[in-house]
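Overview (structure and organization)
Below, each chain spelled out in residue letters.
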Amino acid sequence: MTTPPIPDPQPLKVRTTRVIEVGIAIWALALVVTLVVPALHTGSRHWWPWSCVAGVVLGFIGWSYVRRGRGNAADA
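Residues numbered from 1 in each chain as written. Predicted model: local features only at pLDDT ≥ 70, side-chain atom pairs only at ≥ 80, totals over all residues. Heavy atoms only, no water.

1. What to know about the side chain of Thr34
Here is the rule: Elements are defined by DSSP. Helices are runs of H or I of four residues or more, strands are runs of E of two residues or more, and each kind is numbered from the N terminus. Here, two residues are considered to be in contact whenever any of their heavy atoms come within 4.5 Å of each other.
As for its placement among the helices and strands, Thr34 is situated in helix 1 (residues 16-36). Residue contacts for Thr34: discarding those within four places in its chain leaves Leu40, His41, Trp48, Pro49 and Cys52.

Okay, here's the thing in structure tokens:
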């Protein structure tokens, strides 16, 4: 007895710009936390705020890329 094949699932409809905006907000929150808590940006962790800044900047670059119709063109 064979079972019928299961159809492939359909992709979810997701607003790509919203996903990027949430990611930027999370990186911005992480930046605030690392700047407010001194133990998170002193000593060997001096680079942590800069990685948050890089996340925010790269997020805005990705957001502008998708908004101009590239990346996920059907959703932009």
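2. A few points about the pattern of salt bridges
We count it as follows: The term salt bridge refers to a pairing of a side-chain nitrogen on Lys or Arg with a carboxyl oxygen on Asp or Glu at a separation within 4 Å.
Counted under the stated rule, the structure contains one salt bridge. Taking the shortest distance from any N to any O, the salt bridge between Arg18 and Glu21 comes out at 3.2 Å. Placement of the pair is Arg18 and Glu21 together in helix 1, with a separation of three residues, close to one helical turn.

3. A short note on the environment of Tyr65
Position of Tyr65 relative to the elements: it lies in helix 2 (residues 48-67). As a C-alpha pair, Tyr65 and Thr17 span 48 residues in sequence and 9.7 Å in three-dimensional space.

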